[in-house]
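A look at the structure
The chain contents come next:
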Amino acid sequence: MPFIEQTDVNQVWERRARRVLLNGPPNSGKTTSLRTWPVPMVYVSYPGEKGTTSAPHGEGVKAFVWDAPDPSAAVNWVGVLAEVNKLTVEALSGKHGPIRTFAGDGLHKLYDVCLNVATGGAKARGEDFEPRKYGTAGTLFFGYIEKVFYSGVDYIVLTCWDGLEKDDPDAKDKDTSKHIFPELPGKAAKLVMGEFAVVLYAIREGSGPSAQYKWQTQPFGKVWGAGVKMPLEVAKRLPVTVPQDWQGLEKLLIGGHA
């Protein structure tokens, strides 16, 4: 039946807390931090994502990157999205072996694929298209997230770049106030926040060997692209920033239930 009675809040929270959206600027540790999630893992770099050199690898990890065809050839965007869906379903269903973690890298690039499907490639060609095509792209994009989210895999982590969004989307003033959200067009930037109970913002402090990599867990300052929809007992023990280590953060989120 469509509705089920929620009798164990902790059980529901444990599952939701293990579905994570990780966003932030380039070189902020997003892809590297995926190594802190449990293995076996399937890592998928979405078509167009370039930051694959820091991807997880080694024993217990199967990594898939997009082998770009001849850049001068016409792109079959419907075929590209079909390949993404095919690989994702295979990974989630265990065709590539049992897994504990599914990691999707470059969610903003996947949205571009969906938008090119919706516009017949007009977005990639730099051509104008009807704004309502964003709705079609959003249906494809959020349908994919839902499919991954409701899979039986223990851990889901998806990464995305960050970007500035106007507080008032209708404001014409170039100096209107803006805050940082995941780098997705229009309403998708804020809508995607509602799909995850845990949204982390990646931060790098310093440079070189002494650089520190952290996750922001709550909205603070210019960053609104972070937040955890958590039980009150979790909120009491969760700092605003934590080291980029999933195993450590999971203990804070789930405590003795991990």
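See above for the structure.
Everything numeric here is computed off the predicted structure, so don't read it as measured data.

Brief notes about the overall build of the protein chain
Secondary structure summary: the protein chain contains nine helices and ten strands in total. Its C-alpha radius of gyration of 19 Å places the protein chain within 12% of the 18 Å reference for a compact globule of 258 residues. Overall size of the protein chain, expressed as C-alpha extent along the three principal axes, is 55 × 55 × 50 Å. Across the 258 residues that make up the protein chain, the buried fraction comes to 45%. A separation of at least 24 residues holds for 64% of the contacts in the protein chain among residues at least 6 apart in sequence. Distance between charge centres in the protein chain, computed from 30 positive and 29 negative side chains, equals 1 Å.

Some remarks on the environment of Gln11
Looking at where Gln11 falls in the secondary structure, it is placed in helix H1 (residues 9-17). Note on Gln11: relative accessible area 55%, which makes it exposed. Here the alpha-carbon distance between Gln11 and Ile254, two residues 243 residues apart in the chain, equals 9.8 Å.

Considerations on helix H3 (residues 77-92)
For H3, which comprises 16 residues, the first-to-last C-alpha distance of 23 Å matches the rise-based estimate of 22 Å (1.5 Å per residue) to within 8%. Of all the positions in H3, only Trp77, Val80, Leu81, Val84, Leu87, Thr88, Glu90, Ala91 and Leu92 are classed as buried.

Some details on the pattern of salt bridges
This structure, assessed with the given rule, holds eight salt bridges. For Lys86, the salt bridge is made with Glu90, and the minimal N-O distance between the two is 2.8 Å. With Lys86 and Glu90 both in helix H3 and four residues apart, the pair spans about one turn of that helix. Classification of Lys86 by relative accessible area gives partly exposed; the value is 47%. Salt-bridge contacts for Lys123 lead to Asp112; the nearest nitrogen and oxygen are separated by 3.3 Å.

Regarding the environment of Val148
Positionally, Val148 belongs in helix H6 (residues 133-149). Among the residues examined, Val148 registers a relative accessible area of 0% and is labelled buried. Put simply, Val148 and Val84 are 64 residues apart on the chain and 12 Å apart in space, counted from C-alpha to C-alpha. Here Val148 is in contact with Thr88, Leu92, Phe102 and Ile156, once residues within four sequence places are set aside.

A closer look at the packing of aromatic side chains
Within this structure, the stated rule accounts for ten aromatic pairs. With centroids separated by 5.1 Å and ring planes inclined at 70 degrees, the aromatic side chains of Phe149 and Tyr150 adopt a geometry described as edge-to-face. The class of Tyr150 is exposed, set by a relative accessible area of 57%. Between Phe181 and Trp224 the ring centres are 6.2 Å apart and the planes differ by 85 degrees, which places this aromatic pair in the edge-to-face class. One end of the pair, Phe181, is in strand S6 (residues 178-182); the other, Trp224, is in the loop between strand S8 (212-216) and strand S9 (227-228), and 43 residues separate them in sequence. Taken together, the aromatic side chains of Trp37, Tyr155, Trp215 and Trp246 make up a single cluster linked through ring pairs. Its end group placed over the ring of Phe149, Arg19 keeps NZ or CZ at 6.0 Å from the ring centre. A cation sits over an aromatic face here: Lys109 above Trp161, 5.9 Å from the ring centre.

Reading guide: rules and limits
Residues numbered from 1 in each chain as written. Predicted model: local features only at pLDDT ≥ 70, side-chain atom pairs only at ≥ 80, totals over all residues. Heavy atoms only, no water. Helix = DSSP H or I, 4+ residues; strand = E, 2+ residues; numbered from the N terminus. Rg over C-alpha atoms; globule rule 2.2 N^0.38 Å. Buried < 20%, exposed > 50% of the residue type's maximum accessible area, 1.4 Å probe, protein only. Contact = heavy atoms within 4.5 Å. Lys, Arg positive; Asp, Glu negative; His and termini not counted. Charge placed at Lys NZ, Arg CZ, Asp CG, Glu CD. Expected span 1.5 Å × (residues − 1). Salt bridge = Lys/Arg side-chain N within 4 Å of Asp/Glu carboxyl O. Phe/Tyr/Trp six-rings, centres within 6.5 Å; stacked < 30°, edge-to-face > 60°. Lys NZ or Arg CZ within 6 Å of the ring centre and 35° of its normal.

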